[in-house]
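Chain by chain, the residues run as shown.
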There are 2 protein chains.
Amino acid sequence: MTSSTPRNQRRKRTAVIGDAIKEYIASHGLGPGDRLPQESHLIDVLDASKGTIREALRGLESQGLIHTRTGPGGGAFITEVTDDRAMELLSNYFFFRPPTIHDIYQVRKQLEPTLVASLDGRLDDADFQRLESVMSFYDHPPASLEEERQQRIKELEFHLLLVDHCPNPLLALMCRFPIRLLMSLTTCQRIYDQPYPELRRQGHDYQRRLVDALRRGQVETASDIMAEHMQAAQALMEEREAMLDKAFFKADADEAGPSHEYLALSGLFTRTDEKN
Amino acid sequence: MTSSTPRNQRRKRTAVIGDAIKEYIASHGLGPGDRLPQESHLIDVLDASKGTIREALRGLESQGLIHTRTGPGGGAFITEVTDDRAMELLSNYFFFRPPTIHDIYQVRKQLEPTLVASLDGRLDDADFQRLESVMSFYDHPPASLEEERQQRIKELEFHLLLVDHCPNPLLALMCRFPIRLLMSLTTCQRIYDQPYPELRRQGHDYQRRLVDALRRGQVETASDIMAEHMQAAQALMEEREAMLDKAFFKADADEAGPSHEYLALSGLFTRTDEKN
DNA sequence: AGATATTTGTTCGTATGTATT
DNA sequence: TAATACATACGAACAAATATC
C-alpha cells in the first residue's frame, strides 16, 4: 500500500535515489567540497544494490553536481557546476533545434551592451593587455584561409574575455553561451571558411574603439559601441548566410530524409567529463 | 600543438563510452525517436560490461538526451531535451551562486521587451483569452496571504505564456529561465509572503496595457510597455528586498559557517526524471 | 621506496519485471 | 496463456587508484 506517492508511475529506482541524495545535500547544508557518504553506506541506508547506487551517482556526476575519487578518503564530492559543463548541457537542449544566426544576434544585441556597462571599473591594466593581445591576432589581413578561420575564433574570444569580468553570473552565462554557439555552429563554420575581409576589419575597429572607451572609463560610450558592433556584425553575418544558402541549397526543398539538422554542435557536443 | 592533452589522465570509462554513444548518434544521423543499439549489442561493440554501459546510459538519460523502455522493441531512445529538463540542469549551475534580484532583472529588462517584439502577429484570440484568464487571478486585491502568494505566481505565469509563443528558441529559453528563477528563489518567497499591494496593482496595469497594445497589433508600443513594466518591477522588488534584508540580517556580518546560500532552488532542484 | 588499507571502478552470473506477440 | 525480448536489479568477486605509514 504505497499510497504515500499516489501515482508513482513507475519512477525509476535510480531517479528516486538521485533525488534522495539531492535532498540529503540540501537538508544537511552541504556545499562544494563536502563529501557524500560512501557507496557502501549508501547501499545500507538506501537499501539498494551497488550497481543501482552507482548509476544514480553517475547521473549526478553527468549533471556536474559531484565528482568522485578513489582511494582512502575518496568518495563522491559535491562540486559547483562549471561554466563548461553548463555550456555543454545547454547545447544539448539545442542539439535538434539549432538557433539561426538571427536568433543568436537577437540575444547578443540586447545583452552584450549591458555586459559592457557592467564592467565599470573592473578591468585593470593586465586585463586591457590581455584584450589587446587577443586583438593582435586579427589586426592584419590573414595570409591564409587557416589564419582567417583562427582570426574569427580569436575575435569571439575577445568577447569571452569581457564576459569573464561580468559580476552578474546570470548575465555572464547568457552572454557566454551565444558566443560559444557561434564558435561551434556549422553554419558559422561555413561562413568562417571563406574570405570575408570586412568582417575582420570592421570587428577589429569596433573592438579597438571599445577598449579605448573602457580605458578612459567611459562605460556609456563603450556600451554604445558594443551595440553598434553587434548590429553591424549581425548584418554582415546574415548577409553572408543568405549568400551561402543560395549557393548550397539545391532547388529541391524536399529532404524528408533522416539526416537531422543538428549540425549545431561540433565542438560542444563532446566530453561528458574532463579534468579530474 | 600545445600541451593541451598531454596524457589522457584516466578518463573515466563511463565518460568515454558516453561520448562514444554521442558520436554514434551524430555520425549515424539519428534523431529524436530513434532507437539506440540494445545493451547487449553495446556491450559487444564497446567492449564493456553491462554495468558500465548502463552507467553511461544513465548519464545520458540524466542529461535528458535519451530515455529507456523495457520490453520487446524497448531500449534506449533518443529524445529532445525538454524545456523543464533544461531549466533543471541550468538551475544546478546556480545552486551555489544564486543570482540576486538585481541580476535577474538586469537580464529581464533587456530580453523581455525583445520577446514582446518577436510576438508580432503570433497571438490569436484564444491566446489573448488565455492571457486575460491568467490576469483575472490578480485583477483584484487579495483576500488572504495565501491568495497574495498565488497572485505573484500567476503574474509570472503571464510572462511564461508570452514566452511560449516566441519563435526564437534561444531567446525563449533565456526569458523563461529568469522567470522560473523568480518563482523558486527563496529570497523572492520572502518577498511574496508579505503584503505588497503596489506590486500587484502596478503589474496588472502594465500587463493590461500590454495586452491591449498587442491586440491592436502595436508591437512597438507593447515592447515599450514591457520595458517600463520590467523597470518598475525591478524597483519595487529591490526596494522590498532591501527592507527585508535590513529586518532579517542581524548586525553580525560574519557567518563563516557551512550553511550555504543555495536557498535558491526549492522547487527546481528536484526530480531527475519525470513522466514516462 | 614499498607495503598496506581504503575506497571507487569493472565484470560476471543470475533473477526479476515488463511489454509485445 | 505462454513464449519472447528487452531493461532492471542484486550480489559477489576482483581490479585499479590513491592516501598513509
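Residues numbered from 1 in each chain as written. Chains lettered and ligands numbered in written order. Predicted model: local features only at pLDDT ≥ 70, side-chain atom pairs only at ≥ 80, totals over all residues. Heavy atoms only, no water.

Examining the overall build of chain A
The line we're drawing: The helix and strand labels rest on DSSP assignments: H or I over at least four residues marks a helix, E over at least two residues marks a strand, and numbering proceeds from the N terminus. Each residue's exposure class comes from its accessible area (1.4 Å probe, protein chains only) as a fraction of the maximum for that residue type: buried when under 20%, exposed when over 50%, partly exposed otherwise. Working definition of accessibility: Shrake-Rupley area with a 1.4 Å probe, residue cover restricted to the visible protein chains.
Along its length, chain A carries eleven helices and two strands. Along chain A, helices (α) and strands (β) appear in the sequence α-α-α-β-β-α-α-α-α-α-α-α-α when read from the amino end. A buried classification covers 50% of the 276 residues belonging to chain A. For chain A, the exposed surface amounts to about 13000 Å²; the carbon and sulfur share of it is 51%.

Quick look at the protein's contact with DNA strand C
Stated formally: For this purpose, a residue is taken to be near a molecule or strand whenever a single non-hydrogen atom of the residue falls within 4 Å of it. A 3.5 Å cut-off defines polar contacts: any pair of N or O atoms within that distance qualifies, except that in protein one atom must be a possible hydrogen donor and the other a possible acceptor, and neighbouring residues in sequence count only when both atoms are side-chain atoms.
Residues in close proximity to DNA strand C total 23 residues, the closest being Arg-54 of chain A together with Arg-13, Lys-50, Thr-52 and Pro-72 of chain B. In DNA strand C, the atoms that sit within 4 Å of the protein are 68% sugar and phosphate, with bases accounting for the remainder. Contacts to DNA strand C include Arg-54 of chain A, whose side-chain N or O atom sits 2.7 Å from a phosphate oxygen. In the environment of DNA strand C, a phosphate oxygen lies 3.4 Å from a nitrogen or oxygen atom belonging to the backbone of Arg-13 of chain B. For the surface near DNA strand C, the elements supplying multiple residues, two or more each, are helix H3 (50-62) and strand S1 (66-69) of chain A together with helix H3 (50-62) of chain B.

Points about the nonpolar core
Stated formally: Residues enter a nonpolar core if they are buried and are Ala, Val, Leu, Ile, Met, Phe, Trp, Tyr or Cys, with the set joined through side-chain atoms within 4.5 Å. By the convention used here, residues are in contact when the closest approach between their heavy atoms is within 4.5 Å.
Grouped together as the largest cluster of nonpolar side chains are 153 residues, with contacts concentrated most on Leu-36, Phe-158 and Leu-162 of chain A together with Leu-36, Phe-158 and Leu-162 of chain B. If we skip the residues at most four places from it in the chain, Leu-162 of chain A touches Leu-115, Val-116, Leu-119, Leu-131, Leu-210, Leu-214 and Met-226 of chain A.

Thoughts on the environment of Gln-218 of chain B
Looking at where Gln-218 of chain B falls in the secondary structure, it is placed in the loop between helix H10 (197-215) and helix H11 (219-248). Here the alpha-carbon distance between Gln-218 of chain B and Gly-121 of chain B, two residues 97 residues apart in the chain, equals 9.7 Å.

Quick word on the relation of the copies chain B and chain A
Let me state the cut-off plainly: When the copies are superposed, the least-squares fit takes in the C-alpha atoms of residues with a pLDDT of at least 70 in both.
Note on the copies: chain B fits chain A at an RMSD of 0.2 Å, the axial shift is 0.1 Å, and the rotation between them is 180 degrees. Such values leave the two copies arranged in the relation of a two-fold axis.

Focus: the interface of chain B and chain A
Filter applied, for reference: Note: buried area is the sum, over both parts, of the accessible area (probe 1.4 Å) each one loses when the two are combined. Here, a salt bridge means any side-chain nitrogen of Lys or Arg that lies within 4 Å of a carboxyl oxygen of Asp or Glu. Side-chain classes follow a simple rule in which Ala, Val, Leu, Ile, Met, Phe, Trp, Tyr, Cys and Pro form the nonpolar group, Asp, Glu, Lys and Arg form the charged group, and the remainder, Gly included, forms the polar group.
Taken together, the contact between chain B and chain A spans 67 residues of the former and 66 residues of the latter. Here chain B meets chain A over a buried area of about 5900 Å², counting both sides, of which 59% is carbon and sulfur. Per-residue buried area on chain B facing chain A is highest for Glu-55, Tyr-93 and Leu-170 of chain B; these three make up 11% of the total on that side. In this structure, the connection of chain B to chain A is made through ten salt bridges. Summed over the shared surface of chain B and chain A, the result is 25 residue pairs in polar contact (both at pLDDT 80 or more). Breaking the side of chain B that touches chain A down by element, the ones donating at least two residues are helix H1 (13-27), H3, helix H4 (83-93), helix H5 (101-117) and helix H8 (169-184) of chain B. Looking at the side of chain B that touches chain A element by element, the count peaks at nine residues for H8 of chain B. Split into classes, the residues belonging to the side of chain B that touches chain A amount to 29 nonpolar, 21 polar and 17 charged.

Brief notes about the pairing of strand S1 (residues 66-69) of chain B
Filter applied, for reference: At least two bridges found by DSSP between two strands is the condition for calling them paired.
Of the pairings in the sheet, the one linking S1 of chain B to strand S2 (residues 75-78) of chain B comprises four bridges and is antiparallel in character. Note that in S2 of chain B the partner of His-67 of chain B across the bridge is Phe-77 of chain B.

A few points about the environment of Phe-137 of chain A
Residue and element names in this part refer to chain A. Looking at the secondary structure, you find Phe-137 in the loop between helix H6 (125-135) and helix H7 (145-163). Measuring from C-alpha to C-alpha, the distance between Phe-137 and Glu-155 comes to 8.3 Å, with 18 residues separating the pair along the chain. Not counting residues within four places of it along the chain, the set of residues in contact with Phe-137 comprises Glu-147, Gln-150, Gln-151 and Lys-154.

Quick look at the protein's contact with DNA strand D
Within the structure, DNA strand D sits among 21 residues, and Arg-13, Thr-52 and Pro-72 of chain A together with Gln-38 and Thr-68 of chain B are positioned closest to it. Backbone sugar and phosphate groups make up 78% of those atoms of DNA strand D lying within 4 Å of the protein. At a separation of 3.0 Å, a phosphate oxygen of DNA strand D approaches a polar side-chain atom of Thr-68 of chain B. Contributions of two or more residues to the surface near DNA strand D are made by H3 and S1 of chain B. The element best represented in the surface near DNA strand D is H3 of chain B, accounting for three residues.

So, the confidence of the model for chain A
Residues and elements named next belong to chain A. We count it as follows: A score between 0 and 100, pLDDT records how confident the predictor is in each residue.
Looking at chain A as a whole, its pLDDT mean stands at 87, while 86% of the residues score no less than 70. In this model, residues 1-8 is a region of pLDDT below 50 whose contacts with residues beyond four sequence positions or in other chains number zero contacts. Low pLDDT, under 50, characterises residues 251-276; the stretch is placed with 60 contacts to residues that sit more than four places away or in other chains.

Some details on unusual backbone geometry
All names here are of chain A. Look at Asp-47: it is not a glycine, yet its phi comes out positive at around 55 degrees. Among the structural elements, Asp-47 can be located in the loop between helix H2 (39-46) and H3. On the basis of relative accessible area, Asp-47 is assigned to the exposed category, the value being 62%.

Thoughts on the state of the cysteines
Formally: To count as a disulfide, a pair of cysteine sulfur atoms needs to be within 2.5 Å.
Summed over the entire model, instances satisfying the criterion amount to zero disulfides over all chains. Not engaged in a disulfide, the cysteine Cys-166 of chain A finds its nearest cysteine sulfur in Cys-175 of chain A; these two sulfurs lie 6.4 Å apart.

Examining the packing of aromatic side chains
Given two aromatic rings, their pairing is described by the distance between the two centres and the angle made by the two planes. The condition that has to hold: Pairing of aromatic rings covers Phe, Tyr and Trp, the last counted by its six-membered ring, and requires centre-to-centre distances within 6.5 Å; plane angles under 30 degrees mean stacked, over 60 mean edge-to-face, and any other angle means tilted. As a reminder, the over-ring test applies to NZ of lysine and CZ of arginine, requiring each to be within 6 Å of the ring centre and within 35 degrees of the ring normal.
In total, this model carries six aromatic pairs over all chains according to the counting rule given. Measuring from centroid to centroid gives 5.0 Å for Phe-95 of chain A and Phe-96 of chain A, while their planes differ by 80 degrees, and the two rings are edge-to-face. The pair Phe-95 of chain A / Phe-96 of chain A is uniform in exposure class, with both members buried. Linked through ring pairs, Tyr-93, Phe-94 and Phe-177 of chain A together constitute an aromatic cluster. Directly above the ring of Tyr-196 of chain A sits Arg-240 of chain A, whose terminal nitrogen or CZ lies 3.9 Å from the centroid. Residue placement shows Arg-69 of chain B over the ring face of Phe-77 of chain B; its charged tip is 4.5 Å from the ring centre.

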